[in-house]
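# Observations on chain architecture
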Amino acid sequence: MLAGMPASLSAQEAPAQEAPPAPAAPAEAAPAPAVQQQRDIVRTISVLGAERLEAQTILSYIRLRPGDTWSAAVGDQVLKDLSATELFATFSVSNDAGNVVITLTENPVINRIILEGNKRIKNDKIVPEIKLAPRQIFTRSKVRADVSRIIELYKRQGRFAATVEPKMVQLAQNRVDIVFEISEGPKSKVRQINVLGNEAFSDNELRSEMVTKQARLTSFFSSNTSYDPDRLAFDQQKLRQFYLTEGYADFRVVSAVAELTPDKRDFIITYVVEEGERYKFGELEVESNIRDFDSDALQARLPMQGGDWYDAKLVEDTVEQLTDLAGNFGYAFADVNPRFNRDKETLTMNVNFILQEAPRVYVERVDVNGNTLTQDKVVRREFRTSEGDAFNSLAIKRSTARINSLGYFQENFEVNQVDGSAPDRIVLEANLEEQATGELQLSAGFSSIESFIFQGSIRQRNFRGRGQTIGLSGNISRFSRSANISFTEPYVFDRNISAGVDIFRRDVNSFNFLNNDRNTTFEQATTGFSARLGTPLTEFSSLIASYTLNLDDVSLDENQFFADLDGDGIRTCEPLIAGRFLCDAIGKRTSSILGLTYSLDTTNSRLRPSSGRNLSVTAEYAGLGGSVNYLRIRGRAGQYYSLGSGFILSLTAEGGAIRSFEDRGPGVEDVRLTDRFFLGEPQIRGFDIRGVGPRVLRRIIPSGVTPELTLLEQLEEDRRSVQDDAIGGTAYYLGRAEVEIPLGTGARELGLRPSLFADIGAVFNITDPILTNGPLPPEISASGGVVEEVFVGDSISPRISVGIGVNWNSPFGPFRIDIARALKSQPGDDTKLFSFNVGTQF
């Protein structure tokens with residue numbers, strides 16, 4: 001047992017038997033006092049039982065020395081001195097006629113430390129907190145201290161019911177193993193949050209303002225249901241902020257008590273508050289000591305008015321706005337002090353905003369520090385202010401945002417402001433910490449659209465430290481293959497003009513299903529390159545010109561779709577087998593495309609925006625050489641709103657149209673099949689890939705058979721028994737509304753981001769194809785039969801779907817799952833309830 005054997009508390013031995021009384025002696029000859037004095041003098045001190053420690057080392061721990069006078073108190077002090085060392089399991093002291101003997105047993109040496117039962121906190125987190133270590137001398141106080149440290153670790157995780165039982169396993173040579181048996185117990189949740197003294201607001205309203213939440217079934221993924229003392233203090237501030245924004249200027253939290261239930265599984269938190277009276281704004285004034293600012297004009301622009309309910313947050317925002325306004329006019333050191341005058345009789349709060357006098361400040365110097373790879377000019381060209389310019393806080397914020405958006409440096413980078421050589425001078429410092437900008441990615445995944453997918457890419461976003469981007473990528477799946485080489489120079493010849501070039505190859509298979517068999521309808525191989533030039537128009541908008549040259553080769557499987565009906569030995573595409581629209585699509589062609597794009601982006605993030613908008617309009621003209629001639633226009637717009645409490649609303653809309661300047665003959669669509677728009681998964685959820693829009697349905701009726709169902713009825717009965725070919729359209733529109741739903745901290749740490757969405761769209765406007773209804777000739781089918789085709793789906797009517805989706809950054813890579821139901825569709829549309837996509841990196 002770790003408690004050990006109790007140490008001897010007395011070292012003084014009693015005589016074995018009492019001596020008979022001595023005969024009386026004359027007083028002058030009595031030597032008894034001298035003899036007793038000699039017996040009380042310590043002559044020698046010896047140690048028995050020491051193994052590792054030298055006797056002299058042990059004697060150095062006690063205060064007793066030869067020549068000292070012995071007494072019971074001295075013996076007790078020796079025992080106390082030995083106990084204080086914590087080196088001995090048992091010890092005692094005795095005195096025999098001045099010969100003091102210390103008998104002891106040394107504490108064992110620790111062989112190893114063993115942790116058992118810990119699952120929530122791994123060994124590498126606990127071991128650094130333990131002070132005991134192998135080859136140290138075992139002491140009970142250190143064991144108790146380590147037990148307390150381990151329990152404290154579990155308390156930090158909210159596991160107040162955790163217990164630790166230390167045990168000692170005795171080994172040979174006075175060695176021991178120390179075993180900490182840990183019972184982690186469940187997380188101690190917050191069972192109830194009580195608020196006492198509130199009258200204006202209900203308990204539920206106040207609880208909604210707190211970070212700490214009550215443990216309920218609906219809060220399964222939240223980590224805020226566990227008790228945290230720091231969070232308790234933060235919630236008190238949240239309560240105060242809430243009441244101050246509602247006009248309760250005298251509000252205070254009288255007490256906040258967290259009580260642990262007897263079973264140590266739950267906490268009950270109780271707040272006692274005093275709301276006080278509710279105030280309104282009284283007299284509002286702005287007093288400007290800066291000559292360029294008119295007090296009356298500023299006062300007229302205040303966001304609050306007398307008689308409005310008092311709002312402390314609005315006062316803070318006003319102070320910030322006035323400070324930013326002064327900073328925009330060059331007063332970097334402007335100070336705005338709000339002075340409050342509370343009238344408890346009228347329950348009004350008078351506020352006077354005082355702009356302290358400050359000199360106009362100019363940028364003396366811009367320093368760029370910490371960059372070892374990135375050239376200075378890459379950073380300096382992102383500054384929206386130059387040396388010698390008047391200080392402008394708005395320009396500084398924009399500069400910070402632009403440098404952050406490069407992605408070359410540490411997160412949350414900020415431009416520091418340092419006093420210059422004079423009171424009206426300021427130095428701007430960009431203290432950088434470079435991070436890796438090279439990316440090598442290999443991924444494999446499975447998609448409900450393309451089955452297995454393999455992708456690989458390598459990219460350097462800050463090539464040679466010049467801010468250039470160079471990349472190589474490729475992917476292969478069951479239905480597509482592609483490779484791409486790209487290079488982008490954001491500042492050509494150090495001018496604010498971007499340039500880039502891409503060289504690519506794409507092979508795509510189009511397909512349909514017949515009786516659960518996937519049939520490749522046509523294959524398109526595209527080889528080409530694209531060059532682009534961009535220039536900014538404003539801080540948030542730009543214009544990009546591009547040129548693309550494509551070499552397309554569309555082919556069909558000759559064994560499946562070709563036949564020799566003329567008997568001349570030449571096999572040609574047979575419309576009775578492939579359909580006329582496929583036969584019209586085959587061949588080689590060259591597309592020479594000139595494009596122009598206008599883009600606007602004011603979002604706060606390019607990856608996951610929560611506010612702002614983006615807009616792009618692209619016009620492409622094919623006909624500057626080449627074998628095709630068309631004009632295609634596309635546009636896209638998105639608006640993002642933060643709804644509070646982590647909810648994000650996104651509204652996006654896009655559309656496009658294409659017009660051909662070729663005449664390919666009567667009954668043939670002038671826009672080629674490969675240039676048309678297609679719509680379906682993943683653009684509009686609730687429909688399969690290319691599941692929306694114009695399509696040709698085909699079936700072969702055996703000779704002598706009269707079908708019981710029409711072609712559309714058979715399609716509804718068993719879609720896979722009908723050949724279904726999407727042929728696209730020359731115009732489309734698409735809209736989406738999506739609300740991202742926030743989850744608790746625990747779910748966010750797992751990377752879960754669910755959302756509710758509604759999609760709407762349509763693709764339409766195609767020339768009715770010439771259908772190939774008629775009997776099959778003997779050269780194609782010896783048994784005969786009739787080909788029946790129907791053209792459906794060319795409608796501008798919207799297709800609408802609603803559903804729920806979840807993004808998850810899983811251990812296997814990004815995962816997306818959507819469950820959507822089509823509320824409105826058109827005959828022939830191919831709906832789909834469930835879709836997912838998952839990948840991994842290795």
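Thresholds, definitions, all that
Residues numbered from 1 in each chain as written. Predicted model: local features only at pLDDT ≥ 70, side-chain atom pairs only at ≥ 80, totals over all residues. Heavy atoms only, no water. Helix = DSSP H or I, 4+ residues; strand = E, 2+ residues; numbered from the N terminus. Buried < 20%, exposed > 50% of the residue type's maximum accessible area, 1.4 Å probe, protein only. Contact = heavy atoms within 4.5 Å. Areas by Shrake-Rupley, 256 points an atom, 1.4 Å probe, with all protein chains shown as cover. Phe/Tyr/Trp six-rings, centres within 6.5 Å; stacked < 30°, edge-to-face > 60°. Lys NZ or Arg CZ within 6 Å of the ring centre and 35° of its normal. Pairing = 2+ DSSP bridges. Axes fitted to C-alpha atoms, helices over the stretch in contact; angles between N-to-C directions. Expected span 1.5 Å × (residues − 1). Polar contact = N/O pair within 3.5 Å; in protein donor to acceptor, adjacent residues only side chain to side chain. Salt bridge = Lys/Arg side-chain N within 4 Å of Asp/Glu carboxyl O. Disulfide = S-S within 2.5 Å. Core = buried A, V, L, I, M, F, W, Y, C linked by side-chain atoms within 4.5 Å.

Broken down by element type, the protein chain carries 16 helices and 37 strands. Within the protein chain, the proportion of its 842 residues that are buried is 40%. Nonlocal contacts in the protein chain, meaning residues at least 24 apart in sequence, comprise 61% of its contacts between residues at least 6 apart. Split by element, the accessible area of the protein chain, about 45,500 Å² in all, is 52% carbon and sulfur.

Following E681, the chain continues into P682 via a peptide bond in cis, with omega recorded as 5°. Along the chain, P682 falls in the loop between β28 (647-660) and β29 (695-701).

A few words now on the packing of aromatic side chains. This model, assessed by the stated rule, comprises 17 aromatic pairs. Between F201 and Y248, the ring centres sit 6.0 Å apart and the planes meet at 75°, which makes this aromatic pair edge-to-face. Within this pair, whereas F201 is found in the loop between β7 (189-196) and α6 (203-209), its partner Y248 is found in the loop between α7 (229-245) and β8 (252-260), the two being separated by 47 residues in sequence. Side by side, F201 and Y248 carry an identical accessibility label, which is buried. What links up through ring pairs into an aromatic cluster is the set F201, F242, Y243, Y248 and F251. If you follow R278 out to its NZ or CZ, it ends over the ring of W309, 3.8 Å from the centre. A cation over a ring is seen here: K280 above W309, with NZ or CZ 4.8 Å from the ring centre.

With that settled, consider the sheet that holds strand β9 (residues 266-274). One open sheet holds the three strands; their spatial order is β7-β9-β8, and the pairing between them is mixed. Looking at which strands have only one partner, the edges of the open sheet turn out to be β7 and β8. Neighbour to neighbour, the strand axes of the sheet diverge by 15° on average, direction disregarded. Here eight bridges tie β8 to β9, and the two strands are oriented antiparallel to one another. Considered in β9, the bridge of V257 is made with T270.

Time to look at helix α11 (residues 393-406). Under the 1.5 Å per step criterion, the end-to-end length of α11 is 20 Å for 14 residues, consistent within 8% with the ideal 20 Å. Among the residues of α11, those classed as buried are S393, A395, I396, S399, T400, R402, I403 and L406. Capping the start of α11 is the job of one residue whose side-chain oxygen sits 2.9 Å from the backbone nitrogen of L394: N392.

Among the structural elements, I819 can be located in strand β36 (residues 813-824). Given a relative accessible area of 42%, I819 falls into the partly exposed group. Sequence spacing of I819 and I804 is 15 residues, and the spatial spacing of their C-alpha atoms is 5.6 Å. Residue contacts for I819: discarding those within four places in its chain leaves F757, V802, G803, I804, L833 and F834.

What follows is about the pattern of salt bridges. Oppositely charged side chains can form a pair if their charged atoms are brought close together. For the structure on display, the rule yields 40 salt bridges. For the salt bridge of R207 with D203, the shortest nitrogen-to-oxygen distance reads 3.8 Å. Here the residue R207 and the residue D203 both occupy positions in helix α6, the gap between them amounting to four residues, near one helical turn. Overall, R207 belongs to the buried group, its relative accessible area being 13%. Because the salt bridges share partners, they merge into one network encompassing E382, R384, R398, R402 and E539.

Another point: the environment of Y641. Looking at where Y641 falls in the secondary structure, it is placed in strand β27 (residues 630-644). Taking relative accessible area as the criterion, Y641 reaches 38% and is therefore assigned partly exposed. Distance from Y641 to R613, taken between C-alpha atoms, is 9.0 Å for residues 28 residues apart in sequence. Sequence-distant contacts of Y641, defined by excluding residues within four places in its chain, comprise S610, F647, I648, L649 and L651.

With respect to the element layout, S755 can be found in strand β32 (residues 752-764). In this structure S755 comes out as buried when scored by relative accessible area, which is 3%. With near-sequence residues (within four places) excluded, S755 lies in contact with E738, V739, E740, I741, G803, I804, G805 and R816.

What follows covers helix α9 (residues 312-328). For α9, built from 17 residues, the straight-helix expectation of 24 Å at 1.5 Å per residue is met to within 8% by its first-to-last C-alpha distance of 24 Å. All of the buried residues in α9 are A312, V315, T318, V319, L322, A326 and G327. Packed against the buried residues of α9 are α7, β10 (280-288), α8 (295-300), β11 (336-343), β12 (348-355) and α11. One side-chain oxygen of the residue at the start of α9 lies 2.9 Å from the amide nitrogen of K313, identifying that residue as D311. Just downstream of α9, G330 is the residue with a positive phi angle, here 100°.

Looking now at the state of the cysteines. By the definition in use, this model includes one disulfide. The residue that forms a disulfide with C573 is C583, at a sulfur-sulfur distance of 2.0 Å. On the S-S bond that ties C573 to C583, the torsion sits near -75°, and the link is left-handed. Of the two residues, C573 is situated in strand β24 (residues 572-573) and C583 in helix α14 (residues 580-585); the sequence distance between them amounts to ten residues. Taking relative accessible area as the criterion, C573 reaches 13% and is therefore assigned buried.

Moving on, we come to the nonpolar core. Across soluble globular proteins, nonpolar side chains show a tendency to be buried alongside one another. Counting residues in each nonpolar core, the largest one holds 24 residues, and the members touching the most others are F281, M304, Y310, F353 and L355. Secondary structure elements with two or more residues in this core: β10, α9 and β12. Counting residues per element, this core draws most heavily on α9, which supplies five residues.

Once that is clear, we can look at the sheet that holds strand β1 (residues 44-48). Pairing is mixed across the open sheet formed by three strands, whose spatial order is β1-β3-β2. Edge positions in the sheet fall to β1 and β2 (88-96), since each of these pairs with one other strand and no more. Adjacent strand axes in the sheet meet at a mean angle of 15° when their direction is disregarded.

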